[in-house]
Amino acid sequence: MKFLYLVSILGPALLSILVPSILVYGGWKVYAMLNMLKGLIQGAMYPAIYYSISKWAPKTERNIMSNIVESGFTWGALMSPFISGKIAASEVGWPGIFYFSGGIGLIWCVFWLLFGESSPETSRFVSDKERNHILTNQEKESVEEPKDKKKPIPWFQIITSKPFLALIIVTACQEFGYIFINSEVPQYFNAVFNMDIESNGLNTTLIQVPTLVMMHVFAIVGYILLKKRVVNITVLRKSYSAIACVIPTIIYVWLTFLDSSKQTLSLVLIAIIASTLPAQDIAYWINVIDLSPRFSAVLYGIVNTTTTIVSLFSPLIIGSIISEEETDPEKWHTVFNISAIIIPIGGFIFMVFGQMKVQSWN
């Protein structure tokens, strides 16, 4: 797993450094192929992350560790436009953006080679006390001896598992429901509220702030509730699932009653939807470890592939309803209504069939 991590960062970092030269000599087609290759290599990163969480985190601390990891991605998304703009405006120009991002990746690889390990058993930087704490607070299946890792992947049991199918469905529904927040907000504010580029960019960035704040709030509250045994893991995950489903559904319906004069209220409501995004991480994505610590990377890969497919087709569906510069709020309201229908469907299925215990095929 240490090698997989290394490749998933080293490959894209090296390719980023090559981008300026590629654009000069190869043109946009080669650049597009380069980005596809970067995506393929980085595809291994998330499964590796969640498998490592299953190895490194005691059961009650998985949410916190997942939160720390996810906050890095959110901070990156929040800061990268600002940093990229500063670099592009400097003497180095736009090529500096790729040199900077690639250089950061290479520096991380050096630290990873020096300090990173796949599990606490092999790490020389973990004390015996900490190692014992980690291993004794995990399911037995997640910390067996290396020879047991050769167990073949039980594909049939995985794809016929009701709890896992429920997880796939709810994440797919959530992905479609949140595609507006993830990609369509700038177009919405520009078309409906005639917002200029600068204001639009600022508002889009501000929407990410409550996401970052609530990411820590959800994780800390969840950790305290589990640590003090106020709730068990099933109640926690399904409660967060309710937050991730009910609140966006209500707000999407609310948005359909607003016209183009309610710009500020629309922004606030959309920010509230964005603030529920972190509840998904605790409710759903970490659930792959609950179901199978041993095969958590495989489960994550399947779930992530499904949501990626949804994210590819969702804009096409939205685009068939609204044009690129659609100013009619009613067309956007149709998108909101569809989201308000799809999100609770997935949530209901997860509430009924979702489980938070290790499955027999693990």
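Quick caveat: nothing in here was measured; it's all calculated off a predicted structure.

Q: I tried to follow the side chain of threonine 249 on my own but got confused; where do I start?
A: With respect to the secondary-structure elements, threonine 249 resides in helix 9 (residues 233-255). The class of threonine 249 is buried, set by a relative accessible area of 16%. Residues in contact with threonine 249, not counting those within four places in the same chain, are Ala340, Ile343 and Pro344.

Q: Honestly, the packing of helix 9 against helix 11 (residues 277-285) in this entry has me stumped. Any pointers?
A: Two numbers describe a pair of packed helices, the interaxial angle and the distance between the axes. Packing of helix 9 against helix 11 leaves a shortest axis separation of 8 Å and a crossing angle of 140°. If you check the angle between helix 9 and helix 11, you find them oblique. Regarding helix 9 and helix 11, the two cross each other, and that crossing is left-handed. Between helix 9 and helix 11, the residues in contact are Leu236, Arg237, Tyr240, Ser241, Ile243, Ala244 and Cys245 and Ala279, Gln280, Ile282, Ala283 and Tyr284, respectively. Of the residues assigned to the contact of helix 9 with helix 11, the class counts are 9 nonpolar, 2 polar and 1 charged.

Q: Could you clarify how one ought to interpret the packing of aromatic side chains in this entry?
A: Centre-to-centre distance and the angle between the planes together describe a pair of aromatic rings. Throughout the structure, instances matching the rule amount to 14 aromatic pairs. Summarising the aromatic geometry, the rings of tyrosine 31 and phenylalanine 98 are spaced 6.4 Å apart at their centres and angled 90° between planes, so their arrangement reads as edge-to-face. Residue tyrosine 31 is found in helix 1 (residues 2-42), and its partner phenylalanine 98 is found in helix 4 (residues 95-115); the two are separated by 67 residues along the sequence. Residue classification places phenylalanine 98 among the buried positions, given a relative accessible area of 17%. A centroid spacing of 5.5 Å and a plane angle of 20° characterise the contact between tyrosine 46 and tyrosine 300, whose relative ring orientation is stacked. Placement of tyrosine 46 in helix 2 (residues 45-56) and of tyrosine 300 in helix 13 (residues 296-321) is noted, with a sequence separation of 254 residues between them. Taken together through their ring pairs, the aromatic side chains of Tyr46, Tyr50, Trp285 and Tyr300 make up a single cluster.

Q: I tried to follow the pattern of salt bridges on my own but got confused; where do I start?
A: Pairing of side chains with opposite charge becomes possible as their charged atoms draw close. The final tally for this structure, using the stated rule, is 4 salt bridges. Here glutamate 117 and lysine 2 are joined by a salt bridge, their closest N and O atoms 4.0 Å apart. Note that glutamate 117 is positioned in the loop between helix 4 and helix 5 (128-136) and lysine 2 in helix 1, a separation of 115 residues in sequence. Across the pair arginine 237 and aspartate 290 runs a salt bridge whose closest N-O atoms are separated by 2.5 Å. On the criterion of sequence distance, the pair formed by arginine 237 in helix 9 and aspartate 290 in helix 12 (residues 287-291) is long-range, its members being 53 residues apart. Here arginine 237 matches aspartate 290 in class, with each residue buried. Here the salt bridges do not stand alone but share partners, grouping Arg62, Arg237 and Asp290 into one network.

Q: What's the story with helix 4 in this structure? I'm lost.
A: With 21 residues, helix 4 should reach 30 Å at 1.5 Å per residue; the first-to-last C-alpha distance of 31 Å fits that figure. The complete set of buried residues in helix 4 reads Pro95, Gly96, Phe98, Gly102, Gly105, Cys109 and Trp112. Elements that come into contact with the buried residues of helix 4 comprise helix 1 and helix 3 (62-89).

Q: Quick question: what am I supposed to make of the packing of helix 7 (residues 162-193) against helix 13 here?
A: Put simply, helix 7 and helix 13 touch, their axes get as near as 8 Å, and they point 40° apart. Put simply, helix 7 runs oblique to helix 13. For the pair helix 7 and helix 13, the crossing hand works out as right-handed. Of helix 13, the residues touching helix 7 (which contributes Phe164, Leu167, Ile168, Thr171, Ala172, Glu175, Phe176, Ile179 and Glu184) are Leu299, Ile302, Val303, Thr306, Thr307, Val310, Ser311, Ser314, Pro315, Ile317 and Ile318. The class makeup of the residues in the contact of helix 7 with helix 13 is 13 nonpolar, 5 polar and 2 charged.

Q: How do you make sense of the confidence of the model for the protein when you look at a structure like this?
A: Detailed conclusions should not be drawn from predicted coordinates in areas where pLDDT is low. Taken as a whole, the protein shows an average pLDDT of 85; of its residues, 93% reach a score of 70 or greater. Note on residues 141-145: pLDDT under 50 across the span, and 11 contacts to partners over four residues away in sequence or across chains.

Parameters and conventions
Residues numbered from 1 in each chain as written. Predicted model: local features only at pLDDT ≥ 70, side-chain atom pairs only at ≥ 80, totals over all residues. Heavy atoms only, no water. Helix = DSSP H or I, 4+ residues; strand = E, 2+ residues; numbered from the N terminus. Buried < 20%, exposed > 50% of the residue type's maximum accessible area, 1.4 Å probe, protein only. Contact = heavy atoms within 4.5 Å. Axes fitted to C-alpha atoms, helices over the stretch in contact; angles between N-to-C directions. Parallel < 35°, antiparallel > 145°, perpendicular 65-115°, else oblique. Left-handed = near helix turned anticlockwise from the far one by under 90°. Nonpolar A, V, L, I, M, F, W, Y, C, P; charged D, E, K, R; others polar. Phe/Tyr/Trp six-rings, centres within 6.5 Å; stacked < 30°, edge-to-face > 60°. Salt bridge = Lys/Arg side-chain N within 4 Å of Asp/Glu carboxyl O. Expected span 1.5 Å × (residues − 1). pLDDT = per-residue confidence, 0-100.

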